[in-house]
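Here are the chains, one letter per residue:
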Amino acid sequence: MKAPLTVKPSKHFCSRAVPSMTEPREPNESPALSPILPNVASFHLSNPIYRPSLHTVDISTPKPLQKSILATPIIQLLHSSFISPALVGMADTVRIVVCGDEGTGKSSLITSLVKNVFISSKIQPTLPAITIAAPGSVTTTIVDTSALPQELNTLRKEIRRSDVICLVYSDHYSYERVSLSWLPLFRSLGVNLPVVLCANKADLSPGVDPEEEMMPIMLEFKEIDSCIRASAKEQKNVNELFYLCQKAVTHPVAPLYDSKEQNLKPAAVAALQRIFFLCDRDQDGFLNDLELQEFQKKCFDKSLTPEELDDIKTSIKKRLPNSRTEEGVDEQGFILLSKMFAEKARHETVWTILRVFHYTDSLSLKDSFLHPKFEVPPNASAELSPLGYRFFVDLFLLFDKDNDGGLNEDELAALFAPTPGLPASWVDSSFPSSTVRSEAGHITLQGWLAQWSMTTFQDPKMTLAYLAYLGFESDEKGGTTAALKVTKPRKRRRRQGRVERNVVLCYVLGSRGSGKSSILDAFLNRPFDSTYHPTIKPRTAVNSVELQGGKQCYLIIEELGELESAILENEAKLNSCDVVCYTYDSSDPDSFAHIVDLRARYPQLDELPAVYAALKADLDKTTQRAEIQPDVYTREIGMSAPLHVSAAWTSISELFVTVSEAALFPNNAYPRTEPESADRTNFYIATGVTVCTVMALLYVWKRTNPG
Ligand SMILES: Nc1nc2c(ncn2[C@@H]2O[C@H](COP(=O)(O)OP(=O)(O)OP(=O)(O)O)[C@@H](O)[C@H]2O)c(=O)[nH]1
Ligand SMILES: Nc1nc2c(ncn2[C@@H]2O[C@H](COP(=O)(O)OP(=O)(O)OP(=O)(O)O)[C@@H](O)[C@H]2O)c(=O)[nH]1
Ligand SMILES: [Ca+2]
């Protein structure tokens, strides 16, 4: 194996490090002499031919591009789009294998590129691999090969290792062999690499029309990314050739543009539609000048001059006469712009846009963008940060077009347009039924924030993904994670003092039919419903609660349905719970026993703060068929007596405040686990006294009502 030779990029190497790309331009210098390189026009040879230009005539002629639409803003873009591969997340290494018949000038092209001279004396048949590395640009390795039969294995191996093939021909014979031998060979290897076709020794045949010669091959072989005529001898288009090879890897045209259809591919259109949507900050369907500037700044770190803005609109108007460019650029116009870039072989501009918006080469959103690192330590929880709440408030207000304080179905659909749809957990919990709705059944701002608070609590990664889809931006490091925060871990057992959370989870536990669902409904301000629908699946409700002193928190209440036992046996589930609300139906004598039974079966429950609620207070209270009556039971374990509430009374809101406060200030909300003997004695005395009193009263009553 020959050791790779590392060289500094020569002045003429057309990579991201190419000086003319990064040098500031004169403002009125014609910016678009060539699709990519400002100085290409000074060559006598033809400009490169790109796949997307197959059916466009103007690509090889510099004129139509001059002072064109695309010209001004886009060339500026180019400066920045070529600064750093890291900036836009493209491949940062490119391996080019140079193939072609014997004597076509493969080694000469490489030497010409690296040494910047043409060596007419016989150079060694195959050059050692050359690596060109420049800080901030793609590291490029160029591998020379031989077409000799005894080198076929090496050739195959090198092709397999490469990212792109530079295929060279130089006369009629080697031209014929391109389609008869070389391209079929690549196909037989199954590598599916882009091919840049180079007609070398252009100095020997000055009159040839490159389009006429190369187009038929391009049409037949879709793997050909672009074609170029070059001369190693005269050092014409040599830089450009290798630049095209790099570009075929870093900015492939195939995922963006369908040259047969002469249109952008559907996935590219979908991505651009989403980008347009996110850039249309005021959601009026147009990118106004300000929004265009923001877009330009974000993607290319440059602003547009008024003339450039006009240029853009004029060029759109030319192709879409009906577009209302006075109001700005609409979605169709925006997509047309990208299509024009692709047509003019400036698809790298489209890639820059897509990559700034976190798209991968396969046009999906980057995984690291959707799923950034975000850890919630044990006993801590995730909440929205002020930035996160701000974002969701703004989003709500922006999409409540009719200003009725609720998002109707259309408004919701519009809001979720840049996402894959409602989060799965929302669909499962038949959103928006889990939170506050307006009379018309539309989610209110309060409900919207409560819903996101709950989602973040339950599944912060889901919130992060949706923040990404919905276009959350922050200057802070970490992107979307700035919208979240992690709460201080709380003590696992018997926490004391204040629990530093703003979102807390309450399990409501109680016998069947005791009125749990009705509590959830009341929590969401739904009118009381006397029909009974037993709960099978766990069900949650979330709303904000105003605590004493005016502070606000979000309370998630969950009833567990038939999964009650399963959830209580699950340590993690129990651990995520902040407070338990034990309920019983005070009008049903068999209701309280369930609580006694639960506490006996799951002693772990006693590690959680709790509140007891005697429900259906509007009905006649009855004696519980339990060893100990609820009031005595709670007193015995050192807890507050059950709160008597009714889902049919508005005063039920007291219960939610009490539950939230027990979660946040749990000091007094734990049961005493070891019964104190003194208390027990007192209890027996008290019971004894009660029993005697009742007996005495009964006796008196009987005496006064004989028969
Ligand atoms: N006129 C002209 N001659 C060239 C050009 N490029 C290369 N040659 C000549 O073509 C011959 C072959 O060039 P090489 O660079 O050795 O070609 P190669 O493809 O590496 O050949 P093998 O290593 O044998 O496969 C040499 O005599 C070069 O001087 C060119 O652009 N114009
Ligand atoms: N009068 C009166 N009836 C109530 C009250 N709360 C609930 N109910 C009724 O009691 C029945 C059961 O209520 P649910 O809320 O479904 O009880 P649950 O505990 O969720 O029942 P399961 O899901 O089967 O465990 C329903 O018919 C309710 O209308 C109340 O405060 N007063
Ligand atoms: Ca229920």
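Residues numbered from 1 in each chain as written. Chains lettered and ligands numbered in written order. Predicted model: local features only at pLDDT ≥ 70, side-chain atom pairs only at ≥ 80, totals over all residues. Heavy atoms only, no water.

Naming follows an unreviewed UniProt entry, where the protein appears as Mitochondrial Rho GTPase of Tuber borchii. Listed in UniProt under the heading Sequence similarities (unreviewed entry), the comment for the protein reads: "Belongs to the mitochondrial Rho GTPase family." The annotation that UniProt attaches to the protein under Subcellular location (unreviewed entry) is "Mitochondrion outer membrane". (UniProt positions renumbered as here; feature names shortened; annotations may be inferred.)

### Looking at the site of ligand 2
Neighbouring residues of ligand 2: 21 residues in total, closest Lys-516, Ser-518, Ser-530, Tyr-532 and Asp-618. Side-chain polar atom of Ser-518 to an oxygen atom of ligand 2: 2.7 Å apart, as the coordinates give it. Separating an oxygen atom of ligand 2 from a backbone N or O atom of Ser-530 is a distance of 2.8 Å. Here the shell around ligand 2 gets 3 residues from one element, more than from any other, and that element is helix H20 (residues 516–523). A class-by-class count of the residues in the shell around ligand 2 yields 5 nonpolar, 10 polar and 6 charged. (Near = heavy atom within 4 Å. Polar contact = N/O pair within 3.5 Å; in protein donor to acceptor, adjacent residues only side chain to side chain. Helix = DSSP H or I, 4+ residues; strand = E, 2+ residues; numbered from the N terminus. Nonpolar A, V, L, I, M, F, W, Y, C, P; charged D, E, K, R; others polar.)

### Some words on the packing of helix H18 (residues 445–458) against helix H19 (residues 460–469)
Two numbers describe a pair of packed helices, the interaxial angle and the distance between the axes. Taken N-terminus to C-terminus, the directions of H18 and H19 make an angle of 120 degrees; their axes are 5 Å apart at the nearest point. Relative to H19, H18 is oriented oblique. Counted together, Trp-452, Thr-455, Thr-456, Phe-457 and Gln-458 of H18 and Pro-460, Met-462, Thr-463 and Tyr-466 of H19 form the full contact between these two elements. When the residues that make up the contact of H18 with H19 are grouped by side-chain class, the tally is 5 nonpolar, 4 polar and no charged. (Axes fitted to C-alpha atoms, helices over the stretch in contact; angles between N-to-C directions. Parallel < 35°, antiparallel > 145°, perpendicular 65-115°, else oblique. Contact = heavy atoms within 4.5 Å.)

### What about the site of ligand 1?
Not every one of the 19 residues close to ligand 1 is listed here, only the nearest: Lys-106, Ser-107, Ser-108, Pro-125 and Ala-232. Thr-104 is positioned such that a nitrogen or oxygen atom in its backbone is 3.3 Å from an oxygen atom of ligand 1. At 2.5 Å from an oxygen atom of ligand 1 is found a side-chain nitrogen or oxygen belonging to Ser-108. Across the complex, the protein chains shield 84% of the 640 Å² of accessible surface that ligand 1 would expose by itself. (Areas by Shrake-Rupley, 256 points an atom, 1.4 Å probe, with all protein chains shown as cover.)

### A short note on the coordination of the calcium ion (ligand 3)
The protein atoms donating to the calcium ion (ligand 3) are Ser-517 (OG), Thr-535 (OG1), Glu-559 (OE) and Glu-559 (OE), with metal-donor distances spanning 2.0 to 3.0 Å. Here the calcium ion (ligand 3) binds 6 donor atoms, and the angle range of 45 to 174 degrees at the metal identifies the geometry as irregular. Between consecutive donors of the calcium ion (ligand 3), the numbers of intervening residues give the motif S-x17-T-x23-E. With a gap of 24 residues between them, Thr-535 in the loop between H20 and strand E18 (539–546) and Glu-559 in strand E19 (residues 552–559) connect regions that are remote in the sequence. Of the two residues examined, Thr-535 and Glu-559, each falls in the buried class. (Donors = N, O, S within 2.8 Å, 3.2 Å for Na, K, Ca; no water. Tetrahedral: all angles 85-135°; square planar, octahedral: opposite > 155°, others 65-115°. Buried < 20%, exposed > 50% of the residue type's maximum accessible area, 1.4 Å probe, protein only.)

### Some details on the UniProt feature "domain: EF-hand" (unreviewed entry) in the protein
If you check UniProt for "domain: EF-hand" (unreviewed entry), the listed places come out as residues 267–302 and 387–422 in our numbering. End C-alpha atoms of residues 267–302 are separated by 27 Å, and the span's content is 69% helix alongside 6% strand. When the span residues 387–422 is considered, its composition is 56% helix and 6% strand, and the gap between its end C-alpha atoms is 22 Å.

### Section: unusual backbone geometry
A negative phi holds for most residues other than glycine; trans holds for most peptide bonds. With an omega dihedral of 5 degrees, the bond running from Phe-431 to Pro-432 counts as a cis peptide bond. Mapped onto the fold, Pro-432 is located in the loop between helix H17 (424–428) and strand E15 (443–444). Look at His-358: it is not a glycine, yet its phi comes out positive at around 70 degrees. With respect to the helices and strands, His-358 occurs in the loop between helix H13 (347–356) and helix H14 (367–370).

### Here we look at the packing of helix H5 (residues 152–161) against helix H6 (residues 172–189)
Where H5 contacts H6, the axes come no closer than 11 Å and their chain directions differ by 70 degrees. Compared by their axis directions, H5 and H6 come out roughly perpendicular. Crossing geometry of H5 relative to H6 is assigned as right-handed. Listed contacts from H6 to Leu-155, Arg-156, Ile-159 and Arg-160 of H5 are Trp-182, Leu-185, Phe-186 and Leu-189. In the contact of H5 with H6, the residues fall into 6 nonpolar, no polar and 2 charged. (Left-handed = near helix turned anticlockwise from the far one by under 90°.)

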